[in-house]
Amino acid sequence: MVTVNDNYLKLKAGYLFPEIARRVKAFAEMNPDAPIIKLGIGDVTEPLPAACRIAMIKAVEDMGDRATFKGYGPEQGYAWLRDKIASHDFQARGCDIDGAEIFVSDGAKCDTGNILDIFGKDNAIAVTDPVYPVYVDTNVMVGHTGEANDAGKYEGLIYLPMTAENNFTPDLPTGKVDLIYLCFPNNPTGATASKATLKKWVDYAKANDAIIFFDAAYEAFITDPEFPHSIYEIEGAKDCAIEFRSFSKNAGFTGTRCAFTVVPKSLKAKSSDGSDVELHQLWNRRQSTKFNGVSYIIQRGAEAVYSTEGQAQIKGLIGFYLENAAIVREKLMAMGLKVYGGVNAPYVWVQTPSGVTSWDFFDKLLKEANVVGTPGSGFGAAGEGYFRISAFNSRKNIEVAMQRIAEKLKM
Ligand code: MLT
């Protein structure tokens, strides 16, 4: 008899965003004329930058000419893109990262899940609470956890609460953990981490032989020069951190798919016989076995992000979404709600009115204002009583959504 991976049966009902989509679909079927505005999943709405489109069109033409046609590319990504990433995103910020340490991929979501392939089964794993659900669910899928309790917490994971009291930056674990997921600017709370905060984590990781999975998918939204964009801005991070980045949110590639992961060559972990193993080598082995690289056309589009025009155009996009976030913050505060995030981040984290749960607030906004957000409890037990609003939408939709919410909350 064929058996399944039982670990999947431990997963809570549905991945958060499909679950929201299911509820929205059911509502829309019952109310076909409802003018629903979606501020739930952080999916971009504005068109791809012209520099990227022009580069992709040219790349399509390259594919139509025998002299410039490309078949399989390097699984790790083309050197011309990896080198640009290294020099622009890292070396320009004083980080000693080389193009060869960068692995181009089709998404930070996939990479944060796939990275578990190269780690052992017995690591103590810490996640924040609330957390981007992918980190938790992928650990469940590979069997790193037991069952979930009533609060949705999985046995075997160490949850680090992020609350208003700790400014949504988790305290260090009290015991020893091996793998730690950090995401800054944070999804879902929109919090940012200072250099001092990240240094505390790097020091902890080094002292405990731990590795940090640093998700920096939203780094482009940092406008305050005080905040680091990469964990490698912290001395010593090359020996204890893997960083995940994406073109999804800065350049609008959510549907185009391009991202990258930095695995420094100096990063090591132990084999079961106690010898040192280079993680770069293992990830390279994993990628070249299970992945054939991102398409040439898309990589050319991503490369154009680093051109002068591309840089100006993505700055415009990021500025636009940050203005949306500022409008959301301001309007919600004017309604008397307590609001966090949305300054160096595209997510606004709002405390629900007293006594209203995250899902109740979701239902109320969907039914009465026809606005979709994300219930904070979907990101973890500590997210209960919060609601996430994404700034990724047109200006008009943001304004109409805020106006509708204001009207409904008044009643
Ligand atoms: C989110 O809404 O949290 C993000 O869009 C999820 C993602 O980037 O996969």
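This text follows the structure it describes.
Summarised in this report is the structure supplied together with it. (Residues numbered from 1 in each chain as written. Predicted model: local features only at pLDDT ≥ 70, side-chain atom pairs only at ≥ 80, totals over all residues. Heavy atoms only, no water.)

**A few points about the pairing of strand β8 (residues 259-262)**
The alternating pattern of β8 places Ala-259 and Thr-261 and Phe-260 and Val-262 on opposite faces, both of which are buried. In this sheet, β8 lies alongside strand β2 (residues 102-105) in antiparallel orientation, the contact comprising 4 bridges. Looking at β8, one finds that Phe-103 is bridged to Thr-261. Judged from the 4 bridges that link them, strand β7 (residues 241-246) and β8 form a sheet pairing that is antiparallel. The partner of Ser-246 across the bridge, within β8, is Ala-259. (Buried < 20%, exposed > 50% of the residue type's maximum accessible area, 1.4 Å probe, protein only. Helix = DSSP H or I, 4+ residues; strand = E, 2+ residues; numbered from the N terminus. Pairing = 2+ DSSP bridges.)

**With respect to the packing of helix α3 (residues 79-90) against helix α9 (residues 296-303)**
Between α3 and α9, whose axes approach to 10 Å, the crossing angle comes to 25°. Classified by the angle between their axes, α3 and α9 sit roughly parallel to one another. α9 is crossed by α3, and the crossing has left-handed handedness. On the side of α3, the interface is formed by Trp-80, Leu-81 and Lys-84, while α9 contributes Tyr-296, Gln-299, Arg-300, Ala-302 and Glu-303. Across the contact of α3 with α9, the residue classes tally to 4 nonpolar, 1 polar and 3 charged. (Axes fitted to C-alpha atoms, helices over the stretch in contact; angles between N-to-C directions. Parallel < 35°, antiparallel > 145°, perpendicular 65-115°, else oblique. Left-handed = near helix turned anticlockwise from the far one by under 90°. Contact = heavy atoms within 4.5 Å. Nonpolar A, V, L, I, M, F, W, Y, C, P; charged D, E, K, R; others polar.)

**Concerning the site of the ligand**
Close contacts around the ligand come from Phe-17, Ile-41, Gly-42, Lys-109, Tyr-132, Asn-187, Tyr-218, Lys-249, Tyr-347 and Arg-388, and that covers them all. Between an oxygen atom of the ligand and a side-chain N or O atom of Tyr-132, the distance comes to 2.5 Å. If the ligand stood free it would expose 270 Å²; the protein chains cover 85% of that surface. Residue classes in the shell around the ligand are distributed as 5 nonpolar, 2 polar and 3 charged. Each of domain 1 (6-47 + 311-408) and domain 2 (52-308) contributes no fewer than three residues to the shell around the ligand. (Near = heavy atom within 4 Å. Polar contact = N/O pair within 3.5 Å; in protein donor to acceptor, adjacent residues only side chain to side chain. Areas by Shrake-Rupley, 256 points an atom, 1.4 Å probe, with all protein chains shown as cover. Domains from an automatic or database assignment.)

**Looking at helix α1 (residues 16-30)**
Here α1 spans 22 Å end to end across 15 residues, near enough to the 21 Å set by a 1.5 Å rise per residue. Taken together, the buried positions of α1 are occupied by Leu-16, Phe-17, Glu-19, Ile-20, Val-24 and Phe-27. Down the axis of α1, the buried set is contained in an arc of 160°. They therefore lie on one face. α1 presents Lys-25 and Glu-29 as exposed residues on the side facing more than 90 degrees away from its buried surface. (Expected span 1.5 Å × (residues − 1). Arc of directions from axis to C-beta.)

**Topic: the pattern of salt bridges**
In this structure the tally under the stated criterion is 22 salt bridges. Between Arg-23 and Glu-19 there is a salt bridge; the shortest N-O distance is 3.2 Å. On the criterion of helical spacing, the pair formed by Arg-23 and Glu-19 is a turn pair, its members being 4 residues apart in helix α1. The class for Arg-23 is partly exposed, based on a relative accessible area of 28%. Taking the relative accessible area as the measure of exposure, Glu-19 reaches 16% and is therefore buried. A single network of salt bridges, built from pairs that share partners, joins Glu-19, Arg-22, Arg-23 and Asp-363. (Salt bridge = Lys/Arg side-chain N within 4 Å of Asp/Glu carboxyl O.)

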